[in-house]
Amino acid sequence: MTERTRWNIARVLLTTTYLLGGWLLFTWSFEPGSVLLGLVHAIAIALLTYPIFIEEYEAARRSHLPRVELLGIYLLVLVFNMYVASFRVLWQILRGRINPGVTHFRTRLRTDIARVVLTSSITLTPGTITLQLDDDHLIVHWLDARTRHSKYASKLIAGPYERLLRRIWA
Amino acid sequence: MTWVALFFLGLGAVFSLMGNIGVLVFPDIYTRLQASSTCSTTSIFSVFVACMILSGFTPITGKILVITLFFFITNPISAHIIARYAWQSEIVPWRRTYEQRRMLGAETDD
């Protein structure tokens, strides 16, 4: 069995796992008939569509196998930051004392999916929106421009996310 | 349990209201987008949490969880697309004047 074949089998299995997980979440029942139906269809769909979902080379392996326990912590951090920033924006709307600004900075994340997740998290956090993402260069609009120093701004905006994401997707 | 759900529903209502006020008050597209996307995310997430608490450990909870995850993926992408389009069509973001920024105590080096 060559490396190529082994990776192809892994691709099919990964797609099947994701599809079956989605099926179980939607049906929420563990009756044998239901699970069997889901499994058969998951395998069939995985065999048809695995080249679309999972990349051809094994170098992309890390981006499909995140560390799930850290991902859970990441979601908690995200929700917590969302509420904190939300109250801050609420206060700014009430007082009308906003000081918006645009800042540029670079991220140290390597994989594409980690960068996309970072961009989405910044946009999801109230008070900051990503305007553009070029490779590792982010342009962010924020409502409360506390600094014009690029490195300090990246620490304020992306700091807590970046540290976790580097460990999740490497 | 019902009271926790009511608390989250109240948070959702407050954030939604303030988001709409922000859209009316703020000066340009970027800041308005901040207000609307903010408040939609936090208020809708609060409402989802309240729904999950109310429904308990049932199939509905799993479905709401999936909807929440889907929302976490799609909402920032739509906000990002609007902001990116505005940025690429070279709409200049609104800023305070230099004197006003000095008064607010923000760091100004340009």
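Residues numbered from 1 in each chain as written. Chains lettered and ligands numbered in written order. Predicted model: local features only at pLDDT ≥ 70, side-chain atom pairs only at ≥ 80, totals over all residues. Heavy atoms only, no water.

Caption draft 1: Up close: the pairing of strand 1 (residues 101-106) of chain A. All names here are of chain A. Of the two faces of strand 1, the one holding Gly101, Thr103 and Phe105 is buried and the one holding Val102, His104 and Arg106 is not buried anywhere. Across six bridges, strand 1 lies against strand 3 (residues 137-142) in antiparallel orientation. Among the inter-strand pairings, His104 is bridged to a residue of strand 3, identified as Ile139. (Buried < 20%, exposed > 50% of the residue type's maximum accessible area, 1.4 Å probe, protein only. Helix = DSSP H or I, 4+ residues; strand = E, 2+ residues; numbered from the N terminus. Pairing = 2+ DSSP bridges.)

Caption draft 2: A look at the interface of chain B and chain A. Taken residue by residue, the interface counts 45 residues in chain B and 40 residues in chain A. Sorting the residues of chain B by area buried against chain A places Gln34, Phe72 and Trp87 of chain B first, and these three jointly supply 16% of that buried surface. Counting across the chain B and chain A interface gives zero salt bridges. Scanning the region where chain B abuts chain A turns up seven residue pairs in polar contact (both at pLDDT 80 or more). Looking at the side of chain B that touches chain A, the elements with two or more residues in it are helix 1 (2-25), helix 2 (29-55), helix 3 (59-88) and helix 4 (98-104) of chain B. Its residues assigned to classes, the side of chain B that touches chain A comprises 24 nonpolar, 13 polar and eight charged. (Contact = heavy atoms within 4.5 Å. Buried area = accessible area lost by both parts, 1.4 Å probe. Salt bridge = Lys/Arg side-chain N within 4 Å of Asp/Glu carboxyl O. Polar contact = N/O pair within 3.5 Å; in protein donor to acceptor, adjacent residues only side chain to side chain. Nonpolar A, V, L, I, M, F, W, Y, C, P; charged D, E, K, R; others polar.)

Caption draft 3: Structural view of the domain arrangement of chain A. Examined at the domain level, chain A breaks down into domain 1 (3-64) and domain 2 (68-168). Inter-centroid distance (C-alpha atoms) of domain 1 of chain A to domain 2 of chain A is 32 Å. (Domains from an automatic or database assignment.)

Caption draft 4: Inspection of helix 5 (residues 112-124) of chain A at higher detail. The first and last C-alpha atoms of helix 5 of chain A sit 18 Å apart over 13 residues, in line with the 18 Å expected at 1.5 Å per residue. For helix 5 of chain A, every residue scored as buried is listed here: Ala114, Arg115, Leu118, Thr119, Ser120, Ser121, Ile122, Thr123 and Leu124 of chain A. (Expected span 1.5 Å × (residues − 1).)

Caption draft 5: Main features of the packing of aromatic side chains. Applying the stated criterion to the full structure yields seven aromatic pairs over all chains. Their ring planes at 40 degrees and their centres at 5.4 Å tell us that Phe45 of chain B and Phe72 of chain B sit as a pair that is tilted. Here Phe45 of chain B, found in helix 2, pairs with Phe72 of chain B, found in helix 3; they are 27 residues apart in sequence, far enough to count as distant. Both residues of the pair, Phe45 of chain B and Phe72 of chain B, count as buried. Taken together through their ring pairs, the aromatic side chains of Tyr83 and Phe87 of chain A together with Phe15, Phe45 and Phe72 of chain B make up a single cluster. (Phe/Tyr/Trp six-rings, centres within 6.5 Å; stacked < 30°, edge-to-face > 60°.)

Caption draft 6: Region of the structure containing unusual backbone geometry. In this structure, Asp135 of chain A is a non-glycine residue whose phi angle is positive, near 45 degrees. Structurally, Asp135 of chain A is set in the loop between strand 2 (128-134) and strand 3. Even without a glycine there, the phi angle at Glu90 of chain B is positive, about 60 degrees. Tracing the backbone shows Glu90 of chain B in the loop between helix 3 and helix 4. Judged by its relative accessible area of 70%, Glu90 of chain B falls in the exposed class.

Caption draft 7: Local environment of the nonpolar core. Among the nonpolar cores identified, the biggest contains 44 residues, and Tyr83, Phe105, Leu118, Ile122 and Leu165 of chain A together with Phe45 and Phe72 of chain B are the most heavily contacted of them. Elements supplying a minimum of two residues to this core: helix 4 (68-95), helix 5, strand 3 and helix 6 (150-168) of chain A together with helix 1, helix 2 and helix 3 of chain B. Take this core: its biggest share by element is nine residues, from helix 4 of chain A. Within the second largest apolar cluster, seven residues are counted, among which are Ile129 and Ile139 of chain A together with Tyr30 and Ala86 of chain B. (Core = buried A, V, L, I, M, F, W, Y, C linked by side-chain atoms within 4.5 Å.)

Caption draft 8: Up close: the side chain of Gln132 of chain A. Checked against the element boundaries, Gln132 of chain A lands in strand 2. At 3.3 Å, the side chain of Gln132 of chain A and the side chain of Trp87 of chain B are in polar contact. Not counting the four nearest positions on each side in its chain, Gln132 of chain A is found in contact with His137, Leu138 and Ile139 of chain A together with His80, Arg84, Trp87 and Gln88 of chain B.

Caption draft 9: Quick peek at helix 3 of chain B. If you check helix 3 of chain B, its first and last C-alpha atoms are 44 Å apart, about what 30 residues at 1.5 Å a residue would give, namely 44 Å. Positive phi shows up at Glu90 of chain B, right after helix 3 of chain B, with a value of about 60 degrees.

Caption draft 10: Just a nonpolar patch on the surface, in detail. A surface patch of nonpolar side chains, amounting to about 440 Å² of accessible area, comprises Leu36, Leu39, Val40, Ile43 and Leu47 of chain A. Within the secondary structure, Leu36 of chain A sits in helix 2 (residues 32-53). (Patch = residues over 30% accessible without salt bridge, like charges linked within 9 Å, V, L, I, M, F, W, Y side chains within 5 Å. Areas by Shrake-Rupley, 256 points an atom, 1.4 Å probe, with all protein chains shown as cover.)

Caption draft 11: Region of interest: the side chain of Thr119 of chain A. Within the secondary structure, Thr119 of chain A sits in helix 5. Here Thr119 of chain A falls in the buried class, since its relative accessible area comes to 6%. Within the structure, the side chain of Thr119 of chain A is placed 2.7 Å from the backbone oxygen of Arg115 of chain A, a separation counted as a polar contact. Thr119 of chain A has contacts with Thr130, Leu133 and Leu138 of chain A together with His80 of chain B, leaving out every residue within four places of it along the chain.

Caption draft 12: The environment of Ile98 of chain A, seen in detail. All names here are of chain A. By the element assignment, Ile98 lies in the loop between helix 4 and strand 1. Ile98 gets classed as buried once you look at its relative accessible area, which sits at 4%. Remark: the alpha-carbon pair of Ile98 and Ala145, spanning 47 residues in sequence, is separated by 8.7 Å.

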